Amino acid sequence: MDLQSVIEGCIAGNAKSQRMLFEFFAPKMLAVCIRYTSNKMEAEDVLQEGFIKLFQRIDSFEFKGSFEGWLRRLF
């Protein structure tokens, strides 16, 4: 599946698409979270909250520009 299809699946509330998106971007976003927190455990909490926020707001992504850039700003 390509990224656009996965994002569209997430917008539709498809759990499989959400898992795919999480598994692909979690390591990168964890690195972002670690930069802004004091320890890995706190970073993992921020990561979890970030993905909750992502799935609540993913319908606002307009498919203009980089999804990863949009995601980083969200985190």
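Details of the structure are given in the entry above.
Residues numbered from 1 in each chain as written. Predicted model: local features only at pLDDT ≥ 70, side-chain atom pairs only at ≥ 80, totals over all residues. Heavy atoms only, no water.

Some details on the overall build of the protein
Part 1 of the argument: Helices and strands together make up the secondary structure of the protein, namely 4 helices and 0 strands.
Part 2 of the argument: Ordering the α and β elements of the protein from the N terminus gives α-α-α-α.
Part 3 of the argument: Computed over the C-alpha atoms, the radius of gyration of the protein is 12 Å, within 12% of the 11 Å expected from 2.2 N^0.38 for a compact globule of 75 residues.
Part 4 of the argument: Projected onto its principal axes, the C-alpha coordinates of the protein cover approximately 35 × 25 × 20 Å.
Part 5 of the argument: Looking at the protein as a whole, 32% of its 75 residues qualify as buried.
Part 6 of the argument: Relative to all contacts within the protein whose residues are 6 or more apart in sequence, the contacts with residues 24 or more apart total 50%.
Part 7 of the argument: Carbon together with sulfur atoms contributes 51% to the accessible area of the protein, which is approximately 5000 Å² in total. (Helix = DSSP H or I, 4+ residues; strand = E, 2+ residues; numbered from the N terminus. Rg over C-alpha atoms; globule rule 2.2 N^0.38 Å. Buried < 20%, exposed > 50% of the residue type's maximum accessible area, 1.4 Å probe, protein only. Contact = heavy atoms within 4.5 Å. Areas by Shrake-Rupley, 256 points an atom, 1.4 Å probe, with all protein chains shown as cover.)

As for the pattern of salt bridges
Part 1 of the argument: All chains considered together, the criterion is met by 4 salt bridges.
Part 2 of the argument: In this structure, Arg-19 and Glu-23 form a salt bridge, with 3.3 Å as the shortest nitrogen-oxygen distance. With Arg-19 and Glu-23 both in helix H2 (residues 15-36), this residue pair falls 4 residues apart, about one helical turn.
Part 3 of the argument: Judged by relative accessible area, which is 53%, Arg-19 ranks as exposed.
Part 4 of the argument: The closest approach of N and O atoms between Lys-28 and Glu-68, which form a salt bridge, is 3.4 Å. Linking Lys-28 in helix H2 with Glu-68 in helix H4 (residues 67-74), this pair joins segments that are 40 residues apart in sequence.
Part 5 of the argument: Through salt bridges that share partners, Lys-28, Glu-68 and Arg-72 make up one connected network. (Salt bridge = Lys/Arg side-chain N within 4 Å of Asp/Glu carboxyl O.)

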